[in-house]
Protein chains: 2
Amino acid sequence: MIGDRWSLLIVRDAFDGVRRFGEFQRGLGVSKGILSTRLRELVARGVLETEPVSDESAYQDYVLTAKGRDLFPLIVALRQWGEDHCFGPAERHSALVENETGEPVGRLEVRSKSGRKLTPSETTVHKLSAQRRAAGRRGK
Amino acid sequence: MIGDRWSLLIVRDAFDGVRRFGEFQRGLGVSKGILSTRLRELVARGVLETEPVSDESAYQDYVLTAKGRDLFPLIVALRQWGEDHCFGPAERHSALVENETGEPVGRLEVRSKSGRKLTPSETTVHKLSAQRRAAGRRGK
DNA sequence: CCGTATCCATTCCGATACTG
DNA sequence: CAGTATCGGAATGGATACGG
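Residues numbered from 1 in each chain as written. Chains lettered and ligands numbered in written order. Predicted model: local features only at pLDDT ≥ 70, side-chain atom pairs only at ≥ 80, totals over all residues. Heavy atoms only, no water.

**Q** Would you explain the side chain of Asp13(A) in this entry?
**A** All names here are of chain A. Among the secondary structure elements, Asp 13 is positioned in helix α1 (residues 7-15). Using a relative accessible area of 5% as the deciding quantity, one classes Asp 13 as buried. A distance of 3.3 Å separates the side chain of Asp 13 from the side chain of Arg 12, its partner in a polar contact. (Helix = DSSP H or I, 4+ residues; strand = E, 2+ residues; numbered from the N terminus. Buried < 20%, exposed > 50% of the residue type's maximum accessible area, 1.4 Å probe, protein only. Polar contact = N/O pair within 3.5 Å; in protein donor to acceptor, adjacent residues only side chain to side chain.)

Written as C-alpha cells, this is what we have:
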C-alpha cells in the first residue's frame, strides 16, 4: 500500500505542510510522472485527498486524510530509526520538535496498556484464526 | 534501506522468532532467489546477522542485531495502521499481545519528553543545517 | 535443507517533450 | 503551475533448475 520508493516520503512531506504538486516535486526531486502516479494512488487509497484551493485556482491541494494522519507514529518511528542508525552526527539535518517548547519529541516506545515499556521478546503475535501461514514456532 | 517489498516482512518475521532460511521462505511465500538477496542485504546493512546454529550444522540462523531490534516501534506502528485501516474486522488474523497478561499492546503514541501526547500539527521539523531542500513554508 | 544461477516478466523510475 | 505522454533503463520479483 505504501511500499514503493516515494509514497512514504510524500506522506512525510505532507506532514511537514507540503500541499502543492510542484512543492512535492521540487522538495523530493522526483520526476513529475512518478509523482503524478503516486499522488493519484495515495488519493485512491484514502491516504490523501484533494482539496480545492481557497478561491480561484484551476488546481487543488493534496492533504492528509484521517487515515493518512494515522501514519504519524510510523513516520516518526522511521525518522527516529534513521537518525539513530543511518546518519552520523555530522549529516543529521533536522529534528522533530514540539511547537510549544521547541524540544525534540520523545522516543517512541511500545507499551502495555498499563503503561509498562515492552521489549520485542516480551510480546507475541497471537493468531486469531489460523489461516495459510504455517503456525511455525514463533516467539519464544 | 528497507524500502522494497520484502525486507520489512522479513524483519517482522524475525521479530516473531523466525530464524531459518526455509522458514522465511515458506512463511512469506517469497522466491528463494529474492530471499537470498534480501537476507544478504539486511546482513550487509547491519539489520540482521548470521549466527552459527548451536552444534553441528552447515548453515546459520539469521537473527536481528541491535539495529534491527530498534525497528520494533516501526513494525508495531505499521501493524497497528494496517489493522486499523487495511483490514475489516473479518479478515483480521492476528494481534500483538503482551506475553505475561495476554493483553494486546497499547497503541503507539508520539509524546513529548514530558509525556504529553502530541498531534502532528503540534510538531515541526526543525532544520539544523539548511541543505538542499527549499525551506518551503512548513508546519503551520 | 540451504542456497546459487539463469531466464523472463513486471514494475518502477528518470528524462524529456508536450498541453492547458 | 500542474499535469500527461512516451521512451528506455534499472530494479524487482517469480519459476525453475542446479549444486553443496
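So, next bit.
**Q** In this structure, what is going on with the protein's contact with DNA strand D? I would like to understand it.
**A** Near DNA strand D, the surroundings consist of 17 residues, among which Arg20(A), Ser36(A), Arg5(B), Arg38(B) and Tyr59(B) are the closest. In DNA strand D, the atoms that sit within 4 Å of the protein are 70% sugar and phosphate, with bases accounting for the remainder. For DNA strand D, a phosphate oxygen lies 3.1 Å from a polar atom in the side chain of Tyr62(A). In this structure, a base nitrogen belonging to DNA strand D sits 2.5 Å away from a side-chain N or O atom of Tyr59(B). Of all the secondary-structure elements, those providing two or more residues to the surface near DNA strand D are α2 (21-28), α3 (32-44) and β2 (60-64) of chain A together with α3 (32-44) of chain B. Ranked by the residues each element gives to the surface near DNA strand D, the list is headed by α3(A), at 3 residues. For the surface near DNA strand D, the per-class residue count stands at 7 nonpolar, 4 polar and 6 charged. (Near = heavy atom within 4 Å. Nonpolar A, V, L, I, M, F, W, Y, C, P; charged D, E, K, R; others polar.)

**Q** Mind showing me how you'd approach the packing of aromatic side chains here?
**A** Aromatic rings in a pair are described by how distant their centres are and how their planes are angled relative to each other. Residues and elements named next belong to chain A. One pass over the structure, following the stated rule, counts 2 aromatic pairs over all chains. When the centroid spacing of 5.3 Å and the interplanar angle of 45° are considered together, the rings of Phe 15 and Phe 72 count as tilted. A residue pair is termed long-range when its members are at least 10 positions apart, and Phe 15 in helix α1 and Phe 72 in helix α5 (residues 72-85) qualify at 57 residues. Judged by relative accessible area, Phe 72 falls into the buried class, the value being 7%. (Phe/Tyr/Trp six-rings, centres within 6.5 Å; stacked < 30°, edge-to-face > 60°.)

**Q** Sorry if this is basic, but what is going on with the interface of chain B and chain A here?
**A** Put simply, an interface is often sized by how much accessible area is lost when its parts join up. Each side of the interface is counted separately: chain B has 61 residues, and chain A has 62 residues. For the pairing of chain B and chain A, the buried interface totals around 5600 Å² over both sides, and the portion due to carbon and sulfur atoms is 58%. Ranking the residues of chain B by area buried against chain A places Trp81(B), His93(B) and Lys113(B) at the top, with a combined share of 12%. Where chain B meets chain A, there are 2 salt bridges. Glu98(B) is the partner of Arg116(A) in a salt bridge, and the nearest nitrogen-oxygen pair spans 2.8 Å. Seen at the junction of chain B and chain A, the total is 18 residue pairs in polar contact (both at pLDDT 80 or more). Among the elements of the structure, α1 (7-15), α2 (21-28), α4 (66-69), α5 (72-85), β3 (94-98) and β4 (123-127) of chain B are those that each provide at least two residues to the side of chain B that touches chain A. Per-element tally for the side of chain B that touches chain A: the top contributor is α5(B), with 9 residues. Each residue belonging to the side of chain B that touches chain A can be placed in one class, and the counts come to 24 nonpolar, 17 polar and 20 charged. Looking at chain direction, strand β4 (residues 123-127) of chain A and β3(B) are connected through 5 bridges and run antiparallel. What sits directly across from Thr123(A), in β3(B), is Glu98(B). (Contact = heavy atoms within 4.5 Å. Buried area = accessible area lost by both parts, 1.4 Å probe. Salt bridge = Lys/Arg side-chain N within 4 Å of Asp/Glu carboxyl O. Pairing = 2+ DSSP bridges.)

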